[in-house]
Structures are given as C-alpha cells and as structure tokens.
Amino acid sequence: VGRSFVDLVYPDDRELSAEAISATTDGASTKTFSNRCRRKDGSIAWIEWNTQHLPEEGMMYCVGRDITERKRAEAVQRKSEELIRRLIENFPNGSVNVFDKDLRYVFAGGKGLEKIGLSSELLEGKTLAEVFPKEQVDFVAPYYRRAFAGEDVEFELSLGEQTYNINAAPLREHNDDVHAIVAVALNITERTQ
C-alpha cells in the first residue's frame, strides 16, 4: 500500500508494464498483459494483469493472477518440442512424418527427405495425393488407414530407386481417439541390394 506497482515489477519488464498502463489510460478501456514481479521473499512471479481505466472516477482497476506455474510448464514444453524437432530433423537415412485423417502432412522431418528431393516446407500442409503419384498413394493409403483404426503397421515402399521400410502407428488423444498417425520411413536400399 502506498507504493507504485512499478516498484514491484522485475526491472527488465518495467518499460513493457509502463507502456501497457499508458495504453489503458490513453483510451483502451481494458488491457491484458503479463509481467514478472518480485515477491516479498525476493523470488520472481509471473503475473497476468487485466486492467480497466475508469477516467470518470480517476481510477484504474487491476486484477492480477499468478501464472508462474503455467509459464514454467510452457517453457518445459517448448524445450521438449525443440528437442524432438532437433532429433527428427537430424534423423539419419529416413524421415519421421505425422499425418492427419486426410493423409495431410502435419509434420515431416529427417535427413532422408533431401535424398529424394523433398523437404519439410514442401510437404507440410499437403496431402499424400498432392505430392506423390496415384499408384504410390493407393499402395500406402490402406496401411495408413489401418494405423488410424488403431493398428501398428509395417510395410516396404519403393520410391524411384530407393526402398523404405515404413512403420506407422496411431497418435491418440486423451480420450483414446486416434487424431493422427506417425510414420517413420527408414531407407533400406543398401540392405535390400
């Protein structure tokens, strides 16, 4: 009581917080923003603020909610996603692909994509039918449909002069419904020769 809230804001976030408050007092009726604040014990808490300026009362009302745990969980998830992406991007001699129910690439990565002239950018967002010839799609689609039905499947596929061993498996949601499948393609050309 009696102190400016800016005194409690983590130094690196003071400018951002001052800008958010200014935006509210300059005409925005409500404003939501997050910043770090120093707790009484000296530790840092992430606070999400909802502010409302009532100029007729000469007051600004602020409601703060501690979102420190959410921020920690988000940071852990970002690190985990980055680790997975790095592992997949460097997956040697093959690729890891995630498909939705339309057999559209949700994710594609791996060193093996370059070998056949493909890339994540070229595949993601496109269906198998938009990328590969009809006969290859007709061959692969039944296996992927079995994976969507909940089955782990394995098969071999020839693309030009390359042969791939493909393992496809369902990715389940919390209610156990299959929302996507993951297909790992490993180039086995040398082994088969």
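Engineer: For this particular structure, what's the right way to read the overall build of the chain?
Structural biologist: Across its full length, the chain carries seven helices and eight strands. A compact globule built from 193 residues should have a C-alpha radius of gyration of about 16 Å, whereas the chain, at 26 Å, is more than 25% larger. On the principal axes, the C-alpha backbone points of the chain span a range of 80 × 30 × 30 Å. Counting only residues that meet the buried cut, the chain has 34% of its 193 residues in that class. Taking the contacts inside the chain whose residues are at least 6 apart along the sequence as the reference set, 32% of them involve residues at least 24 apart. Total accessible area on the chain stands at roughly 12400 Å², and carbon and sulfur atoms take up 51% of it. Where the 25 positive side-chain charges of the chain centre and where its 33 negative ones centre are 4 Å apart.

Engineer: In this structure, what is going on with the pattern of salt bridges? I would like to understand it.
Structural biologist: A pair can form between side chains of opposite charge whenever their charged atoms are brought close. By the definition in use, this model includes 13 salt bridges. The closest approach of N and O atoms between E69 and R72, which form a salt bridge, is 2.5 Å. Residue E69 and its partner R72 are located together in helix α2 (residues 68–89), separated by three residues, close to a single helical turn. Judged by relative accessible area, which is 45%, R72 ranks as partly exposed.

Engineer: Is there a simple way to think about helix α1 (residues 14–25) in this case?
Structural biologist: In an α-helix, one turn spans 3.6 residues; hence positions three or four apart end up facing the same way. With 12 residues, α1 should reach 16 Å at 1.5 Å per residue; the first-to-last C-alpha distance of 16 Å fits that figure. Considered for burial, the residues of α1 that qualify are S17, A20, I21 and T24. Taken around the axis of α1, the buried residues stretch over an arc of 95 degrees, which confines them to a single face.

Engineer: Looking at this structure, I do not really get the packing of aromatic side chains. What am I missing?
Structural biologist: Given two aromatic rings, their pairing is described by the distance between the two centres and the angle made by the two planes. Using the criterion set out here, one finds six aromatic pairs in the structure. One aromatic cluster is present, built from ring pairs that chain together F99, Y105, F139, Y143, Y144 and F155. When the ring centre of W46 is taken as reference, the NZ or CZ atom of K71 above it lies at 4.4 Å.

Engineer: Is there a simple way to think about the nonpolar core in this case?
Structural biologist: Within soluble globular proteins, side chains that are nonpolar tend to cluster in buried spots. With 26 residues, the main nonpolar core has F99, Y105, L128, F132, Y144, I166 and I181 as its most contacted residues. Of the residues forming this core, the biggest block, six residues, is contributed by helix α6 (residues 134–148). Leaving out residues up to four positions away in the same chain, L128 has contacts with F99, L103, Y105, V137, V140 and Y144. Counting eight residues, the second largest nonpolar core, distinct from the first, contains V9, I21, A45 and W49.

Engineer: When you look at the side chain of T163 in this model, what are you seeing that I'm missing?
Structural biologist: You can see T163 is positioned in strand β7 (residues 162–172). Residue classification places T163 among the buried positions, given a relative accessible area of 14%. When near neighbours in sequence (up to four residues on either side) are disregarded, T163 contacts E156, L157, S158, L186, N187, I188, T189 and T192.

Engineer: Looking at this model, I keep getting lost on the side chain of E48. Mind explaining?
Structural biologist: Position of E48 among the secondary structure elements: in strand β2 (residues 44–54). Of note is the side chain of E48, whose polar atom sits 2.3 Å from the side chain of R65.

Quick notes on the rules
- Residues numbered from 1 in each chain as written.
- Predicted model: local features only at pLDDT ≥ 70, side-chain atom pairs only at ≥ 80, totals over all residues.
- Heavy atoms only, no water.
- Helix = DSSP H or I, 4+ residues; strand = E, 2+ residues; numbered from the N terminus.
- Rg over C-alpha atoms; globule rule 2.2 N^0.38 Å.
- Buried < 20%, exposed > 50% of the residue type's maximum accessible area, 1.4 Å probe, protein only.
- Contact = heavy atoms within 4.5 Å.
- Areas by Shrake-Rupley, 256 points an atom, 1.4 Å probe, with all protein chains shown as cover.
- Lys, Arg positive; Asp, Glu negative; His and termini not counted.
- Charge placed at Lys NZ, Arg CZ, Asp CG, Glu CD.
- Salt bridge = Lys/Arg side-chain N within 4 Å of Asp/Glu carboxyl O.
- Expected span 1.5 Å × (residues − 1).
- Arc of directions from axis to C-beta.
- Phe/Tyr/Trp six-rings, centres within 6.5 Å; stacked < 30°, edge-to-face > 60°.
- Lys NZ or Arg CZ within 6 Å of the ring centre and 35° of its normal.
- Core = buried A, V, L, I, M, F, W, Y, C linked by side-chain atoms within 4.5 Å.
- Polar contact = N/O pair within 3.5 Å; in protein donor to acceptor, adjacent residues only side chain to side chain.

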